[in-house]
Amino acid sequence: MINKENYRRGSTSNDEGEAEPWLITYADLFTLLFAFFVLLVNSSDHNPEKFEDMKASFEKVIDKESKSALAQERINREKLKEQIESYIKEEKLEEQIKLEENERGLKIEFPSNGFFASGSANMAKDSEKIMAEILAIFETVDYKTFKISTEGHTDDVPIKTARFTSNWELSSSRAASVADYLTENGIGEDRVKVAGFGDTRPVVPVLETMSDDEKRAARSKNRRIAVQLIYFKEHF
């Protein structure tokens, strides 16, 4: 895999990205309650029973607020998925856009045939229109701190042109083109990374036992571009 980590051109000392919204709220609440808790303890008569009561109350408040923030995150993520699904259905793009929930978040996958001309890494006008609609959906959801990995995949037919000497380069350049589009249209550069997988992760492996038509169909499915939304920073 070619993983262009340095594509995160906006990265500075804040390389780990923004904190999760629930974590910021949680930290603020924890700080205030802890200060209040310390004040109560210092002003009390150090009665053990009172101390345990205050401790229990403190833990209940923290637990309630934490669960509430996490629940809101889940709601926002589901809302995002539902809106993308609605767009796909309304525009009759079921054959062009695939959604998949995975351990990293939500993957939006497009066939390369519709996004790029053969052997090219320049996005087609139709693909830019689709990406503009997807970006508009991103902006409607409160949960905007998810990270994004743009990931290119090719078929197993070798390429050697003046611009690209391998499928590694082609897949990486295509992923970078999509990342450029995202960052040029409002997505922070520190939220985006690029990965090119060449032909190493086929959807349908091409086998020698396949007919020519089956091989062509398999290769068409393997040529794709993915926009992986990453909800947890440990997967970024």
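Rules behind the numbers
Each residue is numbered by its place in its chain's sequence as written, counting from 1. For a predicted model such as this one, the threshold for reporting local features is a pLDDT of at least 70, and the threshold for listing and counting side-chain atom pairs is 80 or more; totals across whole chains, interfaces and linings nevertheless cover every residue. Working from all heavy atoms in the structure, the side-chain values ignore hydrogens and water. Each helix is a run of DSSP H or I of at least 4 residues and each strand a run of E of at least 2, with the numbering of both proceeding from the N terminus. Only protein chains enter the calculation, and the probe is 1.4 Å; a residue is then buried if its accessible area is under 20% of its type maximum, exposed if over 50%, and partly exposed in between. Contacts are assigned to residue pairs with any non-hydrogen atoms lying within 4.5 Å of each other. What sets the accessible areas is the Shrake-Rupley method with a 1.4 Å probe; for residues, cover comes only from the shown protein chains. Following DSSP output, two strands are said to pair if at least two bridges run between them. Any Lys or Arg side-chain nitrogen found within 4 Å of a carboxyl oxygen on Asp or Glu counts as a salt bridge. In this description, a nonpolar core means a group of buried Ala, Val, Leu, Ile, Met, Phe, Trp, Tyr and Cys residues linked to one another through side-chain atoms lying within 4.5 Å. Two aromatic rings, drawn from Phe, Tyr or Trp (for Trp, its six-membered ring), form a pair once their centres lie within 6.5 Å of each other, and the interplanar angle then sorts them: stacked below 30 degrees, edge-to-face above 60, tilted otherwise. By definition, being over a ring means that NZ of Lys or CZ of Arg is both within 6 Å of the ring centre and within 35 degrees of the ring normal. A residue's pLDDT is the confidence the predictor assigns to it, expressed on a 0 to 100 scale. Helix axes are fitted only over the stretch in contact, all axes being lines through C-alpha atoms; the angle between N-to-C directions runs from 0 to 180 degrees. Roughly parallel refers to an angle under 35 degrees, roughly antiparallel to one over 145, roughly perpendicular to one between 65 and 115, and oblique to any angle outside these ranges. If you view the pair so one helix is near and one far, a crossing is left-handed when the near helix is turned anticlockwise from the far one by less than a right angle, and right-handed when it is turned clockwise.

Brief notes about the overall build of the protein
- For the protein, the count of helices and strands is six helices and six strands.
- Listing the helices and strands of the protein from first to last along the sequence gives β-α-α-β-β-α-α-β-α-β-α-β.
- The buried share of the protein, taken over its 236 residues, is 39%.
- The long-range share in the protein, meaning contacts at least 24 apart out of those at least 6 apart in sequence, stands at 73%.
- Total accessible area computed for the protein in this model is approximately 13700 Å², and 52% of it derives from carbon and sulfur atoms.

Some details on the pairing of strand β4 (residues 147–153)
- Within β4, seven of the seven residues are buried, which leaves the element mostly enclosed by the surrounding structure.
- Alternating positions in β4 separate into two faces, K147, S149, E151 and H153 on one and I148, T150 and G152 on the other, with burial throughout.
- Relative to strand β6 (residues 224–230), β4 is paired through seven bridges, and the arrangement is antiparallel. If you follow T150 over to β6, its bridge partner there is V227.

Here we look at the pattern of salt bridges
- Applying the stated criterion across every chain yields a total of ten salt bridges.
- K81 is paired through a salt bridge with E85; the nearest N and O atoms lie 2.8 Å apart. Of this pair, K81 and E85 both sit in helix α2 (residues 48–90), four residues apart, roughly one helical turn.
- Look at E85 and you get partly exposed, because its relative accessible area is 34%.
- Notably, a salt bridge pairs D213 with R216, separated by 2.2 Å at the nearest N-O pair. One end of the pair is D213 and the other is R216, both in helix α6 (residues 212–222) and three residues apart, which spans about a single turn.

Topic: the nonpolar core
- Membership of the largest hydrophobic core comes to 34 residues, with the highest contact counts inside it found for F138 and L229.
- Contributing elements (two or more residues each) for this core: α2, β3 (105–111), α4 (125–140), α5 (167–184), β5 (192–196) and β6.
- In this structure, F138 is in contact with L80, I84, I108, K144, F146, I148, I187 and L229, ignoring residues within four places of it in sequence.

Some words on the packing of aromatic side chains
- Tallied over the full model, the rule gives four aromatic pairs.
- Taken together, a centroid distance of 5.3 Å and an interplanar angle of 75 degrees make the contact between F138 and F146 edge-to-face.
- Here F138 falls in the buried class, since its relative accessible area comes to 2%.
- Ring pairs connect the aromatic residues F110, F115 and F116, which therefore count as one cluster.
- Over the ring of F146 we find R191; its NZ or CZ atom is 5.0 Å from the centre of that ring.

As for the confidence of the model for the protein
- Per-residue confidence for the protein gives a mean pLDDT of 82; residues scoring 70 or more make up 71%.
- This model gives residues 2–18 a pLDDT under 50, and the stretch forms 32 contacts once residues within four places in sequence are excluded.

Quick notes on the packing of α4 against α5
- Between α4 and α5, the least distance of the axes is 11 Å, while the angle of their chain directions is 50 degrees. Judged by the angle between their axes, α4 and α5 are oblique. In this structure, α4 meets α5 at a crossing whose hand is right-handed. For the pair α4 and α5, the contacting residues are E128, M131, A132 and L135 in the first and V178, Y181 and L182 in the second.

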